[in-house]
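Analysis of the macromolecular model
Below are the chains, spelled out letter by letter.
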Amino acid sequence: MSTVSWTEDHTVRTARWHSENGASPPDSIVLVNDATTADAACRLARAGTGLLWRGDFHNARQLLRAMGRRVERQGPLDDDPAEAFLRYRASRRRRAQVLGKLLVLLEDDHSLALRRAPDVRRACTEAYGAPQGSTVVALTGLLGVLGAAQWREKGVYVPALDNRIHAHYGVFSPVRCEYVDLVAAAPLPARADIAFDLGTGTGVLAALLARRGCSRITATDNSLRALACARANLDRLGLSSVDVHGPALFPDGEADLIVCNPPWLPGTPTSALESGVYDENSSMLHDFLSGLRAHLRPGGEGWLILSDLPEHLGLRTRSELLDRITTARLHITARLDTRPTHTRANNPNSPFSTARAAETTSLYRLVSR
């Protein structure tokens, strides 16, 4: 367990350090408050100093926004889309590092002893677990926890299920329903009694497979948070036919249908939530393809749901994907395509608007060669 210390009222205080993205604790911490300017805060944060907030909670959020405006300035992106994307990711990491130096102290019960602070105890317990003493966290992280708690309570309506799915903190929410619609529309194999949903996340695809008639379903994930989230959603939907298993990618045995919706973008995730979007070296995609044949029953199919956004960004070519499929001794029998409907696809102000406008999401139906 890492700890941090600072001097307050002529007394050295110590608390646990917690960072969801694995950031190291700052070497030193100074107290800041409502009188601290954004320029001064940025200067200290860039030097690696932690800024422990001791003022009004809403003023802390305003300071964070002002700091963000000062650190997000960047030059024009490269013409090469891959280089532009890498530069963009690097600038976002630097921005997160600077803003992550603005800190708050959670008391022994996960409460915030700040003016006009909301009650964060339930949200922090859902995200961090039971309190284990006073803890220092980044304000950006705490705001993420509060936002996730609101989404968890509200849920996301999934038309294909005619129901809501509730994402827990750190689990990617099915806000982009086009991939769910592809699984709802694809024709099932002649026999589809046993199904696997690999990387289940919230459990949304496992729930859909159950609703489509698969009688025995195993949902897996490498994330303990995702496994707990999937169990909660499937229990709430009354889908007792789904067994949640893990942490693992493939469960033991074979299935008639194996579905996988891996993270679409090659890259290093910087948080648990980003693990649903970024997959370093496309390792989950490659592990799925290389292990699929060994887990398919005779006549079975593997469904790979993937966006071609990496191709438009120059991060992967179509031929590389097809070569991987061939090397795994698999054959594409059909492909279902859809266009994204999320807001970023139609946002001309996005730095990658051209790539997003051209994006297609596909479901590849794979069989053994």
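Located above this text is the structure these notes cover.
A brief structural summary. This is a predicted model, so every value here is computed, not measured. (Residues numbered from 1 in each chain as written. Predicted model: local features only at pLDDT ≥ 70, side-chain atom pairs only at ≥ 80, totals over all residues. Heavy atoms only, no water.)

**A short note on the nonpolar core**
Residues Val183, Ile258, Phe288, Leu289, Leu304 and Leu366 are the most contacted members of the largest nonpolar core, which totals 57 residues. At 7 residues, the largest contribution of residues to this core is made by helix α7 (residues 204-211). Those residues within four positions of Phe288 in sequence are excluded, and the remaining contacts are Leu198, Leu249, Phe250, Ile258, Cys260, Trp303, Leu304 and Leu366. Counting residues in hydrophobic clusters, the runner-up holds 34 residues, among them Cys42, Leu102, Cys124 and Val137. (Core = buried A, V, L, I, M, F, W, Y, C linked by side-chain atoms within 4.5 Å. Buried < 20%, exposed > 50% of the residue type's maximum accessible area, 1.4 Å probe, protein only. Helix = DSSP H or I, 4+ residues; strand = E, 2+ residues; numbered from the N terminus. Contact = heavy atoms within 4.5 Å.)

**Some details on the packing of aromatic side chains**
Under the criterion given, the structure shown has 3 aromatic pairs. Between the aromatic rings of Tyr179 and Trp264, the centroid separation amounts to 6.4 Å while the plane-to-plane angle is 90°, which identifies the pairing as edge-to-face. With Tyr179 in helix α6 (residues 178-185) and Trp264 in the loop between β12 (255-260) and β13 (265-266), the pair connects residues that are 85 residues apart, well separated along the chain. In this structure, Tyr179 and Trp264 share a single accessibility class: buried. Here Arg89 stacks its cationic end above the ring of Tyr278, 3.7 Å away from the centre of that ring. Taking NZ or CZ as reference, Lys154 lies 5.5 Å from the ring centre of Trp151, over its face. (Phe/Tyr/Trp six-rings, centres within 6.5 Å; stacked < 30°, edge-to-face > 60°. Lys NZ or Arg CZ within 6 Å of the ring centre and 35° of its normal.)

**Looking at the environment of Asp80**
By the element assignment, Asp80 lies in the loop between α2 (57-71) and α3 (81-99). The partly exposed category is assigned to Asp80, whose relative accessible area is 40%. Separated by 37 residues in the primary sequence, Asp80 and Arg43 have C-alpha atoms spaced 32 Å apart. A polar contact of 2.8 Å, which involves the side chain of Asp80, links it to the backbone nitrogen of Glu83. (Polar contact = N/O pair within 3.5 Å; in protein donor to acceptor, adjacent residues only side chain to side chain.)

**Quick word on the sheet that holds strand β10 (residues 216-220)**
Strand order in the open sheet formed by 7 strands is β11-β10-β9-β12-β15-β17-β16, and the pairing between neighbours is mixed. Each end of this open sheet is capped by a strand with a single partner; those strands are β11 (242-245) and β16 (330-338). Here the strands of the sheet are splayed against their neighbours by 20° on average, with no regard to which way each runs. Pairing of β16 with strand β17 (residues 361-368) involves 8 bridges; the strand directions are antiparallel. Bridging across to β17, Arg335 finds its partner in Tyr364. Each of β12, β15 (296-307), β16 and β17 is contacted by α6, which is oriented at about 40° to β17, the strand it contacts most. (Pairing = 2+ DSSP bridges. Axes fitted to C-alpha atoms, helices over the stretch in contact; angles between N-to-C directions.)

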